[in-house]
Amino acid sequence: MELTARHPRTGELLSTVKFMVQTLAAAGELQRDLQRELTYDGLRAAEAKGNKGGRRPAVPAETTADVRTAYLEGRSIAALAREHGVSRGAIRTAVADLLPDGTAIEEGASAAELPVTLDMPGKVADFLRATELEPAERAALDHGVTVRRGQGYTLRVSAVPAVHRQLLTRCQPLDGTQGAPAVPAQRKARREYENRVSALCQ
């Protein structure tokens, strides 16, 4: 049947054409609904057998405990990802509740204990990456998001205020020491980060 046939006088689609189009549309909708119902039935049957849906975790269950233990001992997310041949995101998923911004917040916790996102100047981030850090501090850096700004960048770091203050203390040498005078650009970057951290206490 020609589904574009029109009445020669009115120019409208023939009634038989309209009926056929509506029938085909109804049949397509019925088929889609049946497929959905069969999919749900299959999922329920799989759940009844104890099967879980979704993608399998990149870090196997038998390895997760070792990954979490290594992370608590100070291994970085990047090092664990290289060791196990998975992405950093997979390692973060395995240790999500151990990350500074993934810690469960107890009822009644004060606002000062909640994770806060601050932009860390790139020069500060570069210095800290080459510095020995505590696991929570390293995790905050590894979990940071790079934001490009012209020729430089800032690292958007989410951590509780205590971790931000610890990171600020770690980059104190950027202000200069007796044996190594300060580089103006690095000192300025540290002061910017110090101002942002200090604002958390106001």
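See the structure shown above.
Residues numbered from 1 in each chain as written. Predicted model: local features only at pLDDT ≥ 70, side-chain atom pairs only at ≥ 80, totals over all residues. Heavy atoms only, no water.

Caption draft 1: The arrangement of the overall build of the protein chain in detail. Secondary structure assignment for the protein chain yields eight helices and three strands. Order of helices (α) and strands (β) in the protein chain, N terminus to C terminus: α-α-α-α-β-α-α-β-β-α-α. Here the protein chain, with 202 residues, has 27% of them falling under the buried criterion. Surface exposure of the protein chain reaches about 13800 Å², of which carbon and sulfur atoms provide 52%. (Helix = DSSP H or I, 4+ residues; strand = E, 2+ residues; numbered from the N terminus. Buried < 20%, exposed > 50% of the residue type's maximum accessible area, 1.4 Å probe, protein only. Areas by Shrake-Rupley, 256 points an atom, 1.4 Å probe, with all protein chains shown as cover.)

Caption draft 2: A look at the side chain of Glu 137. Within the element layout of this structure, Glu 137 appears in helix α6 (residues 135–142). Exposure remark for Glu 137: the relative accessible area of 1% places this residue in the buried category. With near-sequence residues (within four places) excluded, Glu 137 lies in contact with Val 163, Gln 166, Leu 167 and Arg 170. (Contact = heavy atoms within 4.5 Å.)

Caption draft 3: Here's a closer look at the pairing of strand β2 (residues 145–149). As paired strands, β2 and strand β3 (residues 152–159) are joined by five bridges and run antiparallel to one another. Note that in β3 the partner of Arg 149 across the bridge is Gly 152. The turn linking β2 back onto β3 is made up of two residues, and Gly 150 within it adopts a positive phi angle of 65°. (Pairing = 2+ DSSP bridges.)

Caption draft 4: Highlighting the sheet that holds β3. Spatially, the three strands line up as an open sheet ordered β1-β3-β2, and their pairing is antiparallel. Each edge of the open sheet is held by one strand with a lone partner, namely β1 (116–121) and β2. Between one strand axis and the next, the sheet turns through 30° on average, direction left out of account. Lying on the sheet, helix α5 (residues 122–129) is in contact with β1 and β3; it crosses β1 at an angle near 90°. (Axes fitted to C-alpha atoms, helices over the stretch in contact; angles between N-to-C directions.)

Caption draft 5: Just the pattern of salt bridges, in detail. Evaluation of the coordinates by the stated rule reveals 10 salt bridges. Among the salt bridges present, the one from Arg 129 reaches Asp 126, with a minimum N-O distance of 3.8 Å. Here the residue Arg 129 and the residue Asp 126 both occupy positions in helix α5, the gap between them amounting to three residues, near one helical turn. Given a relative accessible area of 38%, Arg 129 falls into the partly exposed group. Residue Asp 126 is classed as partly exposed on the basis of its relative accessible area of 43%. A salt bridge links Asp 175 to Arg 190, with the shortest nitrogen-to-oxygen separation between them at 3.2 Å. Residue Asp 175 is located in the loop between α7 (161–170) and α8 (184–198), and its partner Arg 190 is located in helix α8; the two are separated by 15 residues in the primary sequence. (Salt bridge = Lys/Arg side-chain N within 4 Å of Asp/Glu carboxyl O.)

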